Amino acid sequence: METASNPRIRQVAEAFVRHVHAFASEVKLTEREFEFGIDFLNRIGQATNDSHNEGILFADAIGLSTLVCLLNNGNAGATETSAALLGPFWRASSPRTDNGGTIVRSPTPGPELFVTCEFIEASGKPIAGVEVDVWQSSPIGLYENQDETQADMNLRGKFTTDAAGRFGFRSVKPAGYPVPTDGPVGDMLRAQSRHPYRPAHLHFLGFKHGYKTLITQIFVDDDTHLESDVVFGVTRALIGDYRRHDNGTPPADGVSAPWYTLEHRFVMEPGEAVLPQPPIK
Ligand code: BEZ
Ligand code: FE
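Predicted model only: the values in this text are computed from it and were never measured. (Residues numbered from 1 in each chain as written. Chains lettered and ligands numbered in written order. Predicted model: local features only at pLDDT ≥ 70, side-chain atom pairs only at ≥ 80, totals over all residues. Heavy atoms only, no water.)

Student: Lay out the sheet that holds strand 9 (residues 243-245) in plain terms, naming residues and giving numbers.
Tutor: The pairing of strands in a sheet comes from backbone hydrogen bonds and takes either a parallel or an antiparallel form. The strand order across the open sheet built from 4 strands is 4-1-10-9, with neighbouring strands paired in mixed fashion. With one partner strand each, in any of the chains shown, strand 4 (166-172) and strand 9 form the two edges of the open sheet. The average angle at which neighbouring strand axes cross in this sheet is 20°, direction not considered. Sheet analysis places strand 1 (residues 112-121) next to strand 10 (residues 259-268), joined by 9 bridges and oriented parallel. Bridged to Phe114 within strand 10 is Thr261. (Pairing = 2+ DSSP bridges. Helix = DSSP H or I, 4+ residues; strand = E, 2+ residues; numbered from the N terminus. Axes fitted to C-alpha atoms, helices over the stretch in contact; angles between N-to-C directions.)

See the structure below:
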C-alpha cells in the first residue's frame, strides 16, 4: 500500500488489514470458520435490496454504527451528544407536513402522542429553518415498509422549525420491536444467545446548512429494553419524557385517555450539513 496516493486510504486500509490479521491470529481461525465467515459476508450482500439493508443491520448489531456515531459527534466524542445511529429504515422523501400536523396517514390504532421539539445551539440559541425528518414504528412495532396494512409513508413526516426553533406533530406511541431476524444477522444473534429487541423510540434527522446533520432517536422512558438495546443505541441524553395523561383536557378534539405528550430539546453542533445515503428507497 506504500504507493497508494491517497494517504487516508493508506491509513484506513493498512489498519484494517492489521486488525483482521490480529483477529485471525488471536482466535486461531480454522479453515472451516474462514469459509463460514466468507459465506456470512456474502449472505449479508444477498439479503440486501431496495427495501432492506442487512449491511447496516449487521454494523448496528455489532455496535459499530453507534461507535462511529459517538466518535463523530459530541465534539468528536469528548462531550454528551444528541446524536444516535441512523438505522436501516430512513427514507429520503418523507411527506412535508405542517407544524402541528399529523404523521398518521392510515388508521393506526394505539395511544395518541403529541410531540413538541425544539432545536437549539449549545449556547441555547434557537435554530430556525431546520428541516426535520421524523419516522417511527407503529404501536405494534412495525415500520410502514414492513407492514402491508399501513399506507405508504405512514408515521413519517418532514417538518421545518419555526423562528423559535420549534415544531410539533401528532402521532401514536411507538412500540419496541425486534430487528429483522430472518437473515444472517438473525442467525448471528441466535448463535450469540442475544434477544433481537430495540426499545421503543422516535427517529429524527435535522438538516440545516452550517450545522452537522443531527441524526437521533428519542427512547420511551418505561421500555424494558433500554439497558439491552440490540443495537446499543441508548444513552441517557436520548431517553425522552413521554408523559401519560389519564384525565384533563385532551390536546385535540376526539382524543381519548390515555394520551401521551413528549417535549424534547435537540442540540445541533456547528459543522457540515451532509445527508447520509438512504438505507432503503
Ligand atoms: C431502527 O431504529 O430503525 C433500527 C436500528 C437498527 C437496526 C434495526 C432498526
Ligand atoms: Fe427504529
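Here the narrative resumes.
Student: Break down the packing of helix 3 (residues 54-61) against helix 6 (residues 184-191) for me, citing the residues and quoting the values.
Tutor: A packed helix pair is summarised by two numbers, namely the angle formed by the two axes and the spacing between the axes. Between helix 3 and helix 6, whose axes approach to 9 Å, the crossing angle comes to 25°. As far as their axial angle goes, helix 6 and helix 3 are roughly parallel. Together, Glu54, Leu57, Phe58 and Ala61 of helix 3 and Pro184, Val185, Met188 and Leu189 of helix 6 make up the contact between the two elements. Its residues assigned to classes, the contact of helix 3 with helix 6 comprises 7 nonpolar, no polar and 1 charged. (Parallel < 35°, antiparallel > 145°, perpendicular 65-115°, else oblique. Contact = heavy atoms within 4.5 Å. Nonpolar A, V, L, I, M, F, W, Y, C, P; charged D, E, K, R; others polar.)

Student: Would you mind going over the coordination of the iron ion (ligand 2) in detail, with residue names and values included?
Tutor: Tetrahedral coordination by four donors puts the ideal angle at the metal at 109.5 degrees, and octahedral coordination by six puts it at 90 or 180 degrees. The protein atoms that coordinate the iron ion (ligand 2) are Tyr143 (OH), Tyr177 (OH), His201 (NE2) and His203 (NE2), at distances of 1.8 to 2.1 Å. Angles of 55 to 163° at the metal separate the 6 donor atoms of the iron ion (ligand 2), which places the site in the irregular class. Coordination of the iron ion (ligand 2) draws on donor residues from a single chain, spaced Y-x33-Y-x23-H-x1-H in sequence. With Tyr143 in the loop between strand 2 (131-136) and strand 3 (156-160) and Tyr177 in strand 5 (residues 177-178), the pair connects residues that are 34 residues apart, well separated along the chain. On the basis of relative accessibility, which here comes to 0%, the residue Tyr143 falls in the buried class. Overall, the relative accessible area of 4% leaves Tyr177 in the buried class. (Donors = N, O, S within 2.8 Å, 3.2 Å for Na, K, Ca; no water. Tetrahedral: all angles 85-135°; square planar, octahedral: opposite > 155°, others 65-115°. Buried < 20%, exposed > 50% of the residue type's maximum accessible area, 1.4 Å probe, protein only.)

Student: Residues and numbers for the pattern of salt bridges, please.
Tutor: Under the criterion given, the structure shown has 16 salt bridges. Two residues, Arg91 and Glu144, come together in a salt bridge whose shortest N-O distance is 2.8 Å. With Arg91 in the loop between helix 5 (74-77) and strand 1 and Glu144 in the loop between strand 2 and strand 3, this residue pair connects regions lying 53 residues apart in the sequence. One exposure class covers both Arg91 and Glu144, and it is buried. Put simply, Arg244 and Asp246 hold a salt bridge, and the shortest N to O gap is 2.9 Å. Each of Arg91, Glu144, Asp152 and Arg156 takes part in one network of salt bridges that share partners. (Salt bridge = Lys/Arg side-chain N within 4 Å of Asp/Glu carboxyl O.)

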